[in-house]
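If you want the building blocks of each chain, they are given just below.
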Amino acid sequence: MPKSNFKSHLPLIVGAILWLIALIFASIYDLDISLAVADPMSALGRVLEIVGEVPAILFTSFNFILMSAYFAVQPEQNKQSRAKHGVTLFLAIGTAYYTTIRTFIYIADYRSDLTGDDISVGILEILISAVICAAVVAVMYFAARRLGYERLTRVYSTAVACVKAAVTTLIVIWLIKLVWGRVRFRQLEGDLSRFTPWYLPQGITGYFSFPSGHTANAAVIFTSAYYLNFLPENKRIQRAAAYIALALWVILLAASRVLVGAHYLSDVLFGAAITFVIVYLWRPKCQAL
């Protein structure tokens, strides 16, 4: 490997080594770690459970908006471009609504645990979610249309790459969850005999601990790094600061999932790793992460 190429890949190599060390540790002490730190009623853990999925899903919604605006401002409109505009706008609305209603569902779950009552999302929360969704999509669409045709053309392929990475992550994570069938720590309810190590899949059991969806979702926000390549070369400090902020967000979300007993350390390690691989593979070919 050429010296310059090795230097550019050094962060990835170091990260992979640290991840492997953490996985070995988790393979031995997964249950012990959760026994030591997990608190299903942790306020920090539950708050991050409520808001943790919002940034990545809204960012994906915005990328759908960018695609929709691109099709809307094309100089020559035809049936195909109008159809693409409508489909991508519908997907933007759908992803935005999903994150708003899921937020209310998490709040209801938290309130249920606090009060001991069975609290669920009602018609009021559904209507509020719809209003919030409409407002957020309208603001994003207005902002996207203001970019103009030339700028939208420049960012279109990057928006597509972000959407591909997000959708691929969702599919891969949930396919693994379905067939792995690992019980969450907080679902053990004191019966430690139900614990299974990450390397022993249980099949379709209705349990979805492995891998961590929240952590994978948090890592999806790394697709925003695709846009950092539009920064001038002299913006290295801003670029580094953005990477650090993104990494800290993923680490915070991952730690909160273990803290709240929703996942084991190995769950969050694989949730992050799977997403990082997908984000790296879907990066725009003309750019480098």
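Report follows, based on the coordinates. All figures in this text were calculated on a predicted structure; none of them were measured in a lab. (Residues numbered from 1 in each chain as written. Predicted model: local features only at pLDDT ≥ 70, side-chain atom pairs only at ≥ 80, totals over all residues. Heavy atoms only, no water.)

Some words on helix H10 (residues 265-281)
Here H10 is 17 residues long and its end C-alpha atoms lie 25 Å apart, about the 24 Å a rise of 1.5 Å per residue gives. Most of H10 sits out of view: 12 of its 17 residues are buried. Along H10, the residues classified as buried are Ser266, Asp267, Val268, Leu269, Phe270, Gly271, Ala272, Ala273, Ile274, Thr275, Ile278 and Val279. (Helix = DSSP H or I, 4+ residues; strand = E, 2+ residues; numbered from the N terminus. Expected span 1.5 Å × (residues − 1). Buried < 20%, exposed > 50% of the residue type's maximum accessible area, 1.4 Å probe, protein only.)

Notes on the packing of helix H2 (residues 43-51) against helix H4 (residues 79-115)
One way to put it is that H2 packs onto H4 with a least axis distance of 8 Å and a crossing angle of 155°. It follows from the interaxial angle that H2 and H4 lie roughly antiparallel. Here H2 contributes Ala43, Arg46, Glu49 and Ile50 to the contact with H4, which in turn contributes Thr103, Tyr106, Ile107, Asp109, Tyr110 and Asp113. Its residues assigned to classes, the contact of H2 with H4 shows five nonpolar, one polar and four charged. (Axes fitted to C-alpha atoms, helices over the stretch in contact; angles between N-to-C directions. Parallel < 35°, antiparallel > 145°, perpendicular 65-115°, else oblique. Contact = heavy atoms within 4.5 Å. Nonpolar A, V, L, I, M, F, W, Y, C, P; charged D, E, K, R; others polar.)

Examining H2
The set of residues buried in H2 consists of Gly45, Arg46, Leu48, Glu49 and Ile50. Buried positions along H2 lie against helix H3 (54-72), H4, helix H7 (213-220) and helix H9 (236-259).

Examining the side chain of Ser112
Tracing the backbone through its elements, the reader meets Ser112 in helix H4. Residue classification places Ser112 among the buried residues on the basis of a relative accessible area of 12%. From its side chain, Ser112 meets the backbone nitrogen of Ile119 in a polar contact 2.9 Å long. Apart from the residues within four sequence positions on either side, Ser112 is in contact with Asp117, Asp118 and Ile119. (Polar contact = N/O pair within 3.5 Å; in protein donor to acceptor, adjacent residues only side chain to side chain.)

Digging into the packing of aromatic side chains
According to the stated counting rule, one finds 18 aromatic pairs in the structure shown. When the ring of Phe222 is compared with that of Phe276, the centres are 5.0 Å apart and the planes differ by 85°; the resulting orientation is edge-to-face. Residue Phe222 is found in the loop between H7 and helix H8 (225-228), and its partner Phe276 is found in helix H10; the two are separated by 54 residues along the sequence. Residue classification places Phe222 among the buried positions, given a relative accessible area of 11%. (Phe/Tyr/Trp six-rings, centres within 6.5 Å; stacked < 30°, edge-to-face > 60°.)

Concerning the side chain of Arg184
On the secondary structure map, Arg184 appears in the loop between helix H6 (148-180) and H7. Nearest to the buried, unbridged Arg184 among oppositely charged side chains is Glu49, at 6.4 Å. Within the structure, Arg184 has its side chain in polar contact with the side chain of His263 (distance 3.1 Å). The contact partners of Arg184, leaving out residues within four places of it in the chain, are Lys177, Phe208, Ser209, Arg257, Gly261, Ala262, His263 and Tyr264. (Lys, Arg positive; Asp, Glu negative; His and termini not counted. Salt bridge = Lys/Arg side-chain N within 4 Å of Asp/Glu carboxyl O.)

Purely geometric numbers; function is a separate question.
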